[in-house]
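# Fold and contact review
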Amino acid sequence: SWSSSDSVISTDSAGEPAEPERPYRVVLLGASGVGKTAFASIFAGAADSMDSDDCELYELSEKEIEVDGEPATITLLDTWDTERYMQTGDAYLLLYSITDRASFLRASELRITLRRFRPAHHTPIILVGNKCDLVRRREVSVSEGRACAAVFDCKFIETSAAMQHNVWEAFYGIVRQLRLRRDSKEA
Ligand code: GDP
């Protein structure tokens, strides 16, 4: 059931579990201002030294992390060239800000666009409600976020990049989903 575009970016050797894992390409998507750069800087380990003029530094960074006792390498793509990256990711973090309903609607639009670019099922996607520290400015409830994720067939997590809360959990969740997909392809 894999389209040709999938086979270009996926290992085409399903059934050979011995093959070393290449880096997973994880793409950050979402409206402007939702926290993509903040996520990328936490990932890059540069949260304190970030300068807003240095955004392009975070466009692409690669890092090995350990998830459930097993190493995984992630190449993180923080993008404004949305359409290009929609075709190249293995997995997606679809961000919105819980303080910005428009960004929540934008996330839904992006999910629909993503489905068009990546029609294969099981492309791991996590809907991420960021800025959950801004309690008083909340415009999107937890249950709305969860319901949206259910409709769009993806996982859901609320995070605060500012508090460094749940950001790594989002990356771990993506790796776990990629492994589930890998293992089911090998089966
Ligand atoms: P991007 O446009 O998606 O890359 O968004 P940025 O990462 O540049 O974030 C936009 C603004 O929101 C910046 O001022 C960040 O410091 C702030 N921000 C990002 N994440 C959080 C968060 O979790 N909580 C709070 N309070 N502010 C955040």
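Quick notes on the rules
Residues numbered from 1 in each chain as written. Predicted model: local features only at pLDDT ≥ 70, side-chain atom pairs only at ≥ 80, totals over all residues. UniProt positions renumbered as here; feature names shortened; annotations may be inferred. Helix = DSSP H or I, 4+ residues; strand = E, 2+ residues; numbered from the N terminus. Buried ≥ 20, exposed ≤ 12 C-beta atoms within 10 Å, placed from the backbone. Contact = placed C-beta atoms within 7 Å. pLDDT = per-residue confidence, 0-100. Pairing = 2+ DSSP bridges.

An unreviewed UniProt entry lists the protein under the name GTP-binding protein, with Amphilophus citrinellus as the source organism. On record in UniProt, under Function (unreviewed entry), the comment for the protein is "Binds GTP saturably and exhibits a low intrinsic rate of GTP hydrolysis."

### Quick word on the overall build of the protein
Across its full length, the protein holds six helices and six strands. For the protein, the residues scored as buried account for 36% of the 187 residues in total. Here the analysis covers contacts within the protein between residues at least 6 apart in sequence; of these, 72% occur between residues at least 24 apart.

### Some details on the confidence of the model for the protein
Confidence along the protein averages 82 in pLDDT terms, with 75% of residues attaining 70 or more. Across the protein, element-level confidence peaks in strand β6 (residues 155-158) with a mean pLDDT of 98 and bottoms out in helix α1 (residues 4-9) with 41. Below a pLDDT of 50 lies the segment residues 1-19, which in the model reaches 17 contacts outside its immediate sequence neighbourhood of four places, other chains included. Segment residues 47-58: pLDDT under 50, and nine contacts once partners within four positions in sequence are set aside and those in other chains are kept. With pTM at 0.83, the complex prediction returns an ipTM value of 0.99.

### What about the environment of Trp 168?
Structurally, Trp 168 can be placed in helix α6 (residues 167-186). Judged by the 14 C-beta atoms lying within 10 Å of it, Trp 168 falls in the partly exposed class. Put simply, Trp 168 and Ala 149 are 19 residues apart on the chain and 19 Å apart in space, counted from C-alpha to C-alpha.

### So, unusual backbone geometry
Phi is positive for Asp 153, close to 60°, though the residue is something other than glycine. Position of Asp 153 among the secondary structure elements: in the loop between α5 (142-151) and β6. Not every positive phi belongs to a glycine, and Gln 164 is a case in point at roughly 55°. Judged by the 12 C-beta atoms lying within 10 Å of it, Gln 164 falls in the exposed class.

### Some details on the pairing of strand β1 (residues 24-30)
Within β1, six of the seven residues are buried, which leaves it mostly tucked inside the rest of the structure. In the sheet, β1 pairs with strand β3 (residues 70-78) via five bridges, with the strands oriented parallel. Paired with Tyr 24 across the bridge in β3 is Ile 74. Of the strand pairs in this sheet, β1 and strand β4 (residues 91-97) are connected by five bridges, and their pairing is parallel. Note on β4: the bridge partner recorded for Val 26 is Ala 91.

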